[in-house]
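# Breakdown of the fold
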Amino acid sequence: MVIALGFEGSANKIGVGIIRDGEVLANVRETYITPPGFGFLPKETAEHHRDKILGILKEALKVSKIDIKDIDVVCYTKGPGMAPPLLTVAIVARTIAQLWNKPILGVNHCIGHIEMGRLITGAKNPTVLYVSGGNTQVIAYSNRKYRIFGETIDIAVGNCLDRFARIIKIPNDPSPGYNIEQLAKKGTKYYPLPYSVKGMDISFSGILSEIEKKALPHKANKNRKKKVEDEELPSHEDLCFSLQETIFAMLVEITERAMAHCGSHEVLIVGGVGCNERLQQMMEIMCKERNAKLFATDERFCIDNGIMIAHAGWEMFRTGTRMKWDEATITQRYRTDDVEVTWDVASDE
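Here is a short report on the structure shown in this document. Please read all numbers here as calculations on a predicted model, not as lab measurements.

### A look at the pattern of salt bridges
Tallied over the entire structure, the rule returns 16 salt bridges. A salt bridge links Glu151 to Arg335; the nearest nitrogen and oxygen atoms lie 2.9 Å apart. Residue Glu151 is found in strand β8 (residues 145–151), and its partner Arg335 is found in the segment after α12 (306–318); the two are separated by 184 residues along the sequence. Residue Lys214 is joined to Glu210 by a salt bridge in which the shortest nitrogen-to-oxygen separation is 3.8 Å.

### Some details on the sheet that holds strand β2 (residues 13–20)
Note on sheets: strands pair through backbone hydrogen bonds, and any given pair is parallel or antiparallel. Strand order in the open sheet made by the 5 strands is β3-β2-β1-β4-β5, with mixed pairing throughout. Strands at the two margins of the open sheet, each flanked by one partner only, are β3 (23–31) and β5 (104–108). Strand-to-strand twist across the sheet, computed as the mean angle between neighbouring axes with direction ignored, equals 20°. Bridge count between strand β1 (residues 3–8) and β2: 6 bridges; the pairing is antiparallel. What sits directly across from Leu5, in β2, is Ile18. In the packing of helix α1 (residues 42–64) onto the sheet, the strands contacted are β1, β2 and β3, and the crossing angle to β2 comes to about 25°.

What counts as what
- Residues numbered from 1 in each chain as written.
- Predicted model: local features only at pLDDT ≥ 70, side-chain atom pairs only at ≥ 80, totals over all residues.
- Heavy atoms only, no water.
- Salt bridge = Lys/Arg side-chain N within 4 Å of Asp/Glu carboxyl O.
- Helix = DSSP H or I, 4+ residues; strand = E, 2+ residues; numbered from the N terminus.
- Pairing = 2+ DSSP bridges.
- Axes fitted to C-alpha atoms, helices over the stretch in contact; angles between N-to-C directions.
- Contact = heavy atoms within 4.5 Å.

Geometric values such as these leave the question of function open.
Below you can see the structure in the form of structure tokens.
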């Protein structure tokens, strides 16, 4: 029996999770929320995490009903993510591990999402679509690593959604992507947007520029302001609907192509954007056409959380992975395929 404690704080979520051999004992999280029209900056996000992390740790220990002496390993997000928040969490994890005399493990954020998704859904060896505010990747397991088959070449899908939310100044509470999703459900008219799939990779920056022109025509057409004033502006609901339909179709396309290449019959969606019901619906249609099965989770496990770090660290620790103290640092650009997978993942090989 192994009990792992996990700290997550790579972006605007700060979370602590405790897991015991696949049993979730605690999963406590808080979100740093900024006013409408504003994103979260690294310095302020790190300050938020510093203020909240010890209270969250105490709550997680209380909920789990375990003693400190029962914890076998302290795990934290090594990367990828924003440097100041990552560093804040790493310092706390190192301090706790030293005070409690526990081994420490740095966990890849993406691997945490994947392994938590596999645990909760029961997916064996899926083609993984990892979609979040900072990452967009299509992933499949091969030869002891999670290989990246396709990814964004500029901004992440969640970043695209967040930036559009700032453009039209909708609230960031509970999250920009969720609020865009609710507006999109009321949209009825589709406005064509650039569909930018480049082989197995995708691009979102051009889509964002084009939809900004539609949302803010005065800004995009300074020399024809009078004419623009006479035009009917697209509603926010229709723009959100159009944005989702376009970018989710792109994600489904590259996921299907990866499935075909790997001969896969499972798709697992992870990451914060993976909670989106419309993305899940579109992926479900594709999976049914291929006689495949879709696996997805809700916001408890899709959105960044400490339990996913605890579980991935649990997998690493029980299969012999150990970390020296001088290696307990952060890596802001920590690639998914940099991690050797030492635990069992069902393979078609």
